[in-house]
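Chain by chain, the residues run as shown.
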Amino acid sequence: MNKDNLEIERKFLLKNVPTFTGKIDILLIHQIYVKIGGENRRFRKTLNTKTQEEVFHQCVKKDLSPGVFEEIEKEITEKKFNEMESRDHSYIMKKRYVHKENGLKWEIDEYLEIKMVTLEVELDSIKQKIKIPKFIKNLIIVELTGKKEFSNYRLSLKVKK
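Residues numbered from 1 in each chain as written. Predicted model: local features only at pLDDT ≥ 70, side-chain atom pairs only at ≥ 80, totals over all residues. Heavy atoms only, no water.

### Thoughts on unusual backbone geometry
Phi is positive for Gln52, close to 65°, though the residue is something other than glycine. Note on placement: Gln52 falls in the loop between β3 (39-48) and β4 (54-65). A relative accessible area of 53% places Gln52 in the exposed class. Located in the positive-phi region is Asn102, a residue other than glycine, with phi close to 55°. (Helix = DSSP H or I, 4+ residues; strand = E, 2+ residues; numbered from the N terminus. Buried < 20%, exposed > 50% of the residue type's maximum accessible area, 1.4 Å probe, protein only.)

Rendered as structure tokens:
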């Protein structure tokens, strides 16, 4: 396995979207899941609200252990994304707030069709100590790391074509 394909993250459930201090990026994400060859593949359209740039990706993500994943991602065309969206799939729509602090990237996802807000922070090691910014720490309800029922795939809504 290539270490570049390793994603290590901790995930938390938040009461609501925090009031941010400092600079943030806001992304609108439309993520779909399509079964191809018995394997769920993730396809994502991401719009940067500041630059209006849209990018499209395909990803295969495998659980290795709680909070540790192998993630193989590649850029695709809008046409390919639309082709996958025309098939039976499930989807998630979310607004992502990206905040950088304490040398880490804090991603707060506000799910648009279900009333839920999560925080993900990517790490070098699952045992890495993290200092959660105070304005976020007070909003944490529970840690979700390793809880499969809170994966984006499990939360996605089904669409039959």
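That shown, we press on.
### Quick word on the nonpolar core
Counting residues in each nonpolar core, the largest one holds 18 residues, and the members touching the most others are Leu14, Trp106, Ile108, Leu119, Ile130 and Ile136. At the level of elements, β1 (6-14), β7 (104-111), β8 (116-122) and α2 (134-137) are the ones that each hand at least two residues to this core. Within the second largest apolar cluster, 8 residues are counted, among which are Val34, Ile76, Phe81 and Tyr91. (Core = buried A, V, L, I, M, F, W, Y, C linked by side-chain atoms within 4.5 Å.)

### Brief notes about the side chain of Glu107
With respect to the helices and strands, the residue Glu107 is situated in strand β7. For Glu107, a relative accessible area of 7% translates into the label buried. Setting aside anything within four residues of it in sequence, one finds Glu107 in contact with Arg96, Tyr97, Val98, Thr118, Leu119 and Glu120. (Contact = heavy atoms within 4.5 Å.)

### Focus on the pattern of salt bridges
Scanning the model with the defined rule gives 14 salt bridges in all. Across the pair Lys50 and Asp25 runs a salt bridge whose closest N-O atoms are separated by 3.5 Å. Of this pair, Lys50 sits in the loop between β3 and β4 while Asp25 sits in strand β2 (residues 24-36), placing them 25 residues apart in sequence. Lys50 gets classed as exposed once you look at its relative accessible area, which sits at 55%. For Asp25, a relative accessible area of 26% puts it in the partly exposed group. For the salt bridge of Arg41 with Glu39, the shortest nitrogen-to-oxygen distance reads 3.4 Å. Of the residues examined, Glu39 reaches a relative accessible area of 28% and is grouped as partly exposed. Overlapping salt bridges bring together Glu7, Glu9, Arg42, Lys61, Glu71 and Glu73 as one network. (Salt bridge = Lys/Arg side-chain N within 4 Å of Asp/Glu carboxyl O.)

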